[in-house]
Amino acid sequence: MITLFTDDINGEPGDDIATHTFSVDGIGYEIDLGADNYDKLLEALAPFIRHGRKTGGSRRSLGKQSAATGPDPVKVRAWAKEQGIEVSPRGRIPRDVLERYEAAS
């Protein structure tokens, strides 16, 4: 038996073909690419990766997810601003800022 790996874009066989995964809007995709087409994929995605936020690299269990606990992010951001602490208007608040907020409350 002979296994022949081919690039999904150009159909060319090669020893450098590898499977790559990505997702968009919660839908996962796999594609087999040679080095040249993989470089093209990375180049096309580079500005989005550079500005995007990582969501984790491991699979999550399908069990029930618990609600987030902790202080209200709006209140923490307002407190941080009053204290002269720079915090992003979106995304996760750094742990040290949360600890300082809780200590001050």
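Everything numeric here is computed off the predicted structure, so don't read it as measured data. (Residues numbered from 1 in each chain as written. Predicted model: local features only at pLDDT ≥ 70, side-chain atom pairs only at ≥ 80, totals over all residues. Heavy atoms only, no water.)

Q: An account of a nonpolar patch on the surface is requested, with residue identities and associated values reported.
A: Taken together, Phe22, Val24, Ile27 and Tyr29 make up a surface patch of nonpolar side chains, about 340 Å² in accessible area. Listing elements by their share of the nonpolar patch, those giving two or more residues are strand S1 (18-24) and strand S2 (27-33). (Patch = residues over 30% accessible without salt bridge, like charges linked within 9 Å, V, L, I, M, F, W, Y side chains within 5 Å. Areas by Shrake-Rupley, 256 points an atom, 1.4 Å probe, with all protein chains shown as cover. Salt bridge = Lys/Arg side-chain N within 4 Å of Asp/Glu carboxyl O. Helix = DSSP H or I, 4+ residues; strand = E, 2+ residues; numbered from the N terminus.)

Q: Let's hear about the environment of Ser23: which residues, and what values?
A: Residue placement: Ser23 occurs in strand S1. In contact with Ser23, not counting residues within four places along its chain, are Gly28 and Tyr29. (Contact = heavy atoms within 4.5 Å.)

Q: With reference to specific residues and values, describe helix H1 (residues 35-51).
A: The terminal C-alpha atoms of H1 lie 24 Å apart, and with 17 residues this matches the ideal 24 Å at 1.5 Å per residue to within 8%. Leu45 marks the point of greatest bend in H1, at about 50°, and the proline Pro47 comes within the next four residues. (Expected span 1.5 Å × (residues − 1). Bend = angle between axes of the 7 residues up to and from the residue.)

Q: Tell me about the packing of aromatic side chains, residues and numbers included.
A: Counting across every chain of the model gives two aromatic pairs. When the centroid spacing of 5.7 Å and the interplanar angle of 75° are considered together, the rings of Trp79 and Tyr101 count as edge-to-face. Residue Trp79 is located in helix H2 (residues 73-82), and its partner Tyr101 is located in helix H3 (residues 95-104); the two are separated by 22 residues in the primary sequence. For Trp79, a relative accessible area of 15% puts it in the buried group. (Phe/Tyr/Trp six-rings, centres within 6.5 Å; stacked < 30°, edge-to-face > 60°. Buried < 20%, exposed > 50% of the residue type's maximum accessible area, 1.4 Å probe, protein only.)

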